[in-house]
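Coordinate inspection notes
Read off the chains here:
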Amino acid sequence: MRLATAVVLVALATVAPSFLGDYQIYLLSLTVLWAILALSMGILLGYIGEINFGQAAFVAISAYVSTLLRQDLGWSFWAAAPVALGVVVICAALVGMITMRLRGPFFVLVMLAFGEIVRLVLANWQDMTNGPLGLRNIEPPEPLFGLTFDSKLSFYYLLLTTLVVCSMAIARLVRARTGRLFIAVREDELLAEFVGIPLMRHKVIALCISAFVAGLGGLLMGPFLTVLAPNQFSVFASVDMVVMVVVGGVATIAGPILGAVFLIYVPELLSFARELRPAIMGVMLILVTLFLPGGVLGWMEPVLARLPLLRHAAKSGGKQ
Amino acid sequence: MFLQQLANGLVLGSIYALCALGFTLIYGVARVINFAYGELFMLGALITLSLMTFLQINFFVALPISMVVIAALSVLIYVATVRPVMQGPHVQALLTTTGVLYVLREVGIFFWGTAPREIVMGFKGVAEIGDVIITYQRLIAVATMVVLVVVLYLILYRLRIGKALRAVAQNRAGAEAIGLNVDRTVVFAFVVSGAMACAAGALVGVLYAAEPSMGGVPLLKAFVVVIFGGLGSLPGAIVGGLVIGLIETFTGGYISYAFKDVFTFLIMIAVLLFRPSGLFGARATT
């Protein structure tokens, strides 16, 4: 996406909440949170070409580890965060090394099993995790460098900053050598290996990066929702992320974010759609996969290209 | 205690086997993992229930009717959402069938609401065989499953279309080369798979409960069974189902009820890592 467009959107996102009520801020915050999660899935799906139905497990691990460190050991949010992220990345590396060698559907099933195992452990390890009732009364992050995060608005800015920083980092990554190696792996594994790209290493690195971003989402999820429970991290949460990426536009950075807007923000505005949301998501998933492989972004691109201010840079390939 | 657990495990295992059969059939023939399979199972249960309620008919009369309905739905799913993406990247079929999952689940909630219901088969009473206690209903359910499996085998090994199905599963290109209509064969697989799912769902509705979210667990268990027994292998689905049912019952009874599902998934992971073709599966070709 052109820099100008991105700057305009970020500016809008920064300024708008000052004029909006509490509910709207909550809604925007939720959208941004899911955008971060969708972005994490987008890294994997868009640049390695794999679906991870266990992605919610990475979110859960980060959320629970950070919250337990804070609640049981009294750590500050800012001390717990790196530890939680470290745990997630290590888990991802271990899981990745074991599973990345599996072909297509087998990888999907193992990651699904991994996700379920994490959820079941969280739901049943009563002593540690309080079981199905989960963790409650999660406090906002402690003040840092004079910034407080108690209010909904300030937390929204924290979320937004995280999203923007992640997007920028991933954009850098994609343009850099590592990113192009990922794309090579995605396009043709055999050829990539043939020209000397260490396949396993790059797939595992991609999984770790994806898990890291998911972990960031998990860190922020606790204080935002104030409650964490295992049923928030089911397969369906991971599927939600997949839908956002596919509908928004795979292999782009704006795509997952757009997908989050479509699937979180828009349905809330159309109140009748609230109950039907899963059905609408299902239909969109089918239609987009069958008819719009590039997602909404891919579909909109020729139209937007005509508008001088919003001209998009051509994406390489643009396919999943 | 051991014999009781054995009996319980076998009942559970036969349910799992029935769930897995339809699932593995589709994978064998179309190389597609049908994420919507659990929802066919669920709709089978609910439609059977409604037929019994509104037409005032017996379970065994309602079941064949609902099997036809679900079989038709299964074919619709194939034609609309699986066939267009079957030959492409595997991810696409996963995405479309997941979409169907969501849609069907909403249909279930919309028409039947979220409260669990019981399907009444009508057999009361309990049999006592030695130390083992088992309800007549469970025995009849298991007997029904056995009948269905036998019918399935007869179809696959006696009828011409069944042989065509096995041919396509073994070698699609070869089957096409000798003139088999692959598409029709796959349609037939979806028909049979749908009917199996419906029957399994209805029986689970009898033994436990019927409600719109009941499709999630059987889907996951079907994955485990099918991986364990070998993707695409029918004996694998049956043996795998029974074994997994037994393992789950015994780990639940003797080790920990809460973590029994964790064991089951760990087994699946172990199988995928060390013997991906499963017990009966063919050695993987590219």
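Everything numeric in this text was worked out from a predicted model, so none of it was measured.

Overview of the overall build of chain A
The helix and strand tally for chain A stands at 14 helices and zero strands. Each helix (α) and strand (β) of chain A, taken in turn from the N terminus, gives the series α-α-α-α-α-α-α-α-α-α-α-α-α-α. In terms of C-alpha radius of gyration, chain A reaches 19 Å, essentially the compact-globule figure of 20 Å for 320 residues. Counting only C-alpha atoms and orienting by the principal axes, one finds that chain A spans roughly 50 × 50 × 40 Å. Considering chain A as a whole, with its 320 residues, one finds that 53% of them fall into the buried category. Put simply, of all contacts in chain A between residues at least 6 apart along the chain, 76% involve residues at least 24 apart. When the accessible area of chain A is evaluated, it comes to approximately 14100 Å², of which 69% is carbon and sulfur surface. Distance between charge centres in chain A, computed from 20 positive and 16 negative side chains, equals 11 Å.

Some thoughts on the packing of helix α4 (residues 77-99) of chain A against helix α10 (residues 199-225) of chain A
Residue and element names in this part refer to chain A. Remark: α4 packs on α10, axes separated minimally by 8 Å, with the N-to-C direction vectors making an angle of 145 degrees. Classified by chirality, the crossing of α10 by α4 is right-handed. Residues Phe77, Ala81, Ala84, Leu85, Val88, Val89, Ala92, Ala93, Gly96 and Met97 of α4 form the contact with α10, whose own contacting residues are Met200, Val204, Leu207, Cys208, Ala211, Phe212, Gly215, Leu216, Leu219, Leu220 and Pro223.

What to know about the interface of chain B and chain A
Across the boundary between the two partners, chain B contributes 39 residues, which contact 40 residues of chain A. Summing the contributions of chain B and of chain A, the shared interface buries around 3300 Å²; its carbon and sulfur component is 82%. Together, Leu95(B), Tyr102(B) and Glu106(B) form the three largest contributors to the area buried by chain B at its contact with chain A, with a combined 20%. Between the two partners, chain B and chain A, sit zero salt bridges. Our enumeration of links across chain B and chain A arrives at one residue pair in polar contact (both at pLDDT 80 or more). Looking at the side of chain B that touches chain A, the elements that each hand over two or more residues are α3 (59-82), α4 (90-112), α9 (216-229) and α11 (260-274) of chain B. Per-element tally for the side of chain B that touches chain A: the top contributor is α4(B), with 14 residues. Across the side of chain B that touches chain A, the residue classes tally to 28 nonpolar, eight polar and three charged.

Points about the pattern of salt bridges
Tallied over the entire structure, the rule returns six salt bridges over all chains. The salt bridge partner of Glu116(A) is Arg119(A), with a shortest N-O separation of 2.9 Å. In this pair, Glu116(A) and Arg119(A) are both assigned in helix α5 (residues 104-124), three residues apart and thus about one turn of the helix distant. Each member of the salt-bridge network shares a partner with another, and the members are Lys221(B), Glu248(B) and Asp261(B).

Here's the deal with the packing of α3(B) against α4(B)
Residue and element names in this part refer to chain B. In the contact formed by α3 and α4, the axes pass within 10 Å of each other and the chain directions differ by 135 degrees. Taken together, the axis directions place α3 and α4 in an arrangement best described as oblique. In the packing of α3 onto α4, the handedness of the crossing is right-handed. Across from Leu73, Ile77, Thr81 and Val82 in α3, the residues of α4 making contact are Thr96, Thr97, Val100 and Leu104. Tallied by class, the residues present in the contact of α3 with α4 amount to five nonpolar, three polar and no charged.

Points about the side chain of Ser66(B)
All names here are of chain B. Position of serine 66 relative to the elements: it lies in helix α3. A polar atom in the side chain of serine 66 sits 3.0 Å from the backbone oxygen of leucine 63. Setting aside its immediate chain neighbours within four residues, serine 66 contacts Gly44, Ile47, Thr48, Leu51 and Cys198.

Analysis parameters
- Residues numbered from 1 in each chain as written.
- Chains lettered and ligands numbered in written order.
- Predicted model: local features only at pLDDT ≥ 70, side-chain atom pairs only at ≥ 80, totals over all residues.
- Heavy atoms only, no water.
- Helix = DSSP H or I, 4+ residues; strand = E, 2+ residues; numbered from the N terminus.
- Rg over C-alpha atoms; globule rule 2.2 N^0.38 Å.
- Buried < 20%, exposed > 50% of the residue type's maximum accessible area, 1.4 Å probe, protein only.
- Contact = heavy atoms within 4.5 Å.
- Areas by Shrake-Rupley, 256 points an atom, 1.4 Å probe, with all protein chains shown as cover.
- Lys, Arg positive; Asp, Glu negative; His and termini not counted.
- Charge placed at Lys NZ, Arg CZ, Asp CG, Glu CD.
- Axes fitted to C-alpha atoms, helices over the stretch in contact; angles between N-to-C directions.
- Left-handed = near helix turned anticlockwise from the far one by under 90°.
- Buried area = accessible area lost by both parts, 1.4 Å probe.
- Salt bridge = Lys/Arg side-chain N within 4 Å of Asp/Glu carboxyl O.
- Polar contact = N/O pair within 3.5 Å; in protein donor to acceptor, adjacent residues only side chain to side chain.
- Nonpolar A, V, L, I, M, F, W, Y, C, P; charged D, E, K, R; others polar.
- Parallel < 35°, antiparallel > 145°, perpendicular 65-115°, else oblique.

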